[in-house]
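Per-entry structural report
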Amino acid sequence: MGYIKRDMESKILSAQDKIEKLVIHEGVTSIGKNTFYGCSNLKELTVPISLSLINSNDRTASPFKNCTGITNVVLTKGTGVGYNYTYDNSMYTPFYFSKGNNINVTIEEGVKSIGTYMFRGCSGLKKLTLPSTLQKIDEYAFGYTGIEYVEFPDELLTIGNCA
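These notes cover the structure that comes with them. Per chain, the residues get numbers from 1 upward, laid out in the order the sequence is written. Local features in this predicted model are restricted to residues whose pLDDT is 70 or higher, and side-chain atom pairs enter the listing and the counts only when it is 80 or higher, whereas totals over whole chains, interfaces and linings include all residues. With hydrogens and water excluded, all non-hydrogen atoms of the structure serve as input to the side-chain values.

1. Considerations on the packing of aromatic side chains
Two descriptors summarise a pair of aromatic rings, namely the distance from one centre to the other and the angle between the planes of the rings. Condition: Put simply, two rings from Phe, Tyr or Trp (the six-membered ring, in Trp's case) pair if the centres are within 6.5 Å, and we call them stacked under 30 degrees between planes, edge-to-face over 60, tilted for the rest. Strands are runs of DSSP state E lasting at least two residues, helices are runs of H or I lasting at least four, and both sets are numbered from the N terminus onward. Only protein chains enter the accessibility calculation, which uses a 1.4 Å probe; a residue is then buried when its area is under 20% of its type maximum, exposed when over 50%, and partly exposed in between.
According to the stated counting rule, one finds 3 aromatic pairs in the structure shown. With 5.2 Å between their ring centres and 10° between their planes, Tyr 117 and Tyr 140 make a pair best called stacked. Taken together, the residues Tyr 117 in the loop between strand 5 (113-114) and strand 6 (127-129) and Tyr 140 in the loop between strand 7 (136-137) and strand 8 (149-151) connect sequence positions 23 residues apart. When its relative accessible area of 12% is taken as the criterion, Tyr 117 is described as buried. With a centroid separation of 5.3 Å and an interplanar angle of 0°, the aromatic rings of Phe 119 and Phe 142 are classed as stacked. On the criterion of sequence distance, the pair formed by Phe 119 in the loop between strand 5 and strand 6 and Phe 142 in the loop between strand 7 and strand 8 is long-range, its members being 23 residues apart.

2. Re the nonpolar core
Note the cut-off: Working definition of a nonpolar core: buried Ala, Val, Leu, Ile, Met, Phe, Trp, Tyr and Cys residues. They are joined through side-chain atoms within 4.5 Å. Residues are treated as being in contact if the distance between any of their heavy atoms lies within 4.5 Å.
Core analysis: the biggest nonpolar cluster contains 36 residues, and Ile 24, Phe 64, Val 105, Ile 107, Ile 114 and Phe 119 have the highest contact counts within it. Contributions of two or more residues to this core are made by strand 2 (44-48), strand 3 (72-76) and strand 4 (104-107). Excluding residues within four positions of it along the chain, Ile 24 makes contact with Ile 31, Phe 36, Thr 46, Val 47, Pro 48, Leu 51 and Phe 64.

Right under this line is the structure:
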């Protein structure tokens, strides 16, 4: 339950050049490798912050590989806890292949933590306002970004190393 199945992957691949906006709802818990491969016209992406995009040990098989046009990302509550990427799998973040774009990120109320490496390398991310419900930012969450301004909420309790 909560996984995008192979039959859906083939339908997505046949329409990959037409997809401009994608909303992945709260019930989806993981996405298979290369599911949205080459959706270069994808501009807007809405996903739960807790979504696991890793379904393979193959570093060349990111679900959003070659989705280079993403400029607007909305991270919804999900479980409220951000997925923890690692240095080795940070290329699986939904917007990794658009990391040089000027990306607008909205994190919705209800999100309690931002996972490790969530925005790593997103040089196009300049400004981010965090939700008032945020309590924890894990290590390296904003490592190697272009962030110039962040507004921290009053409820924030923990900021990890090199966050």
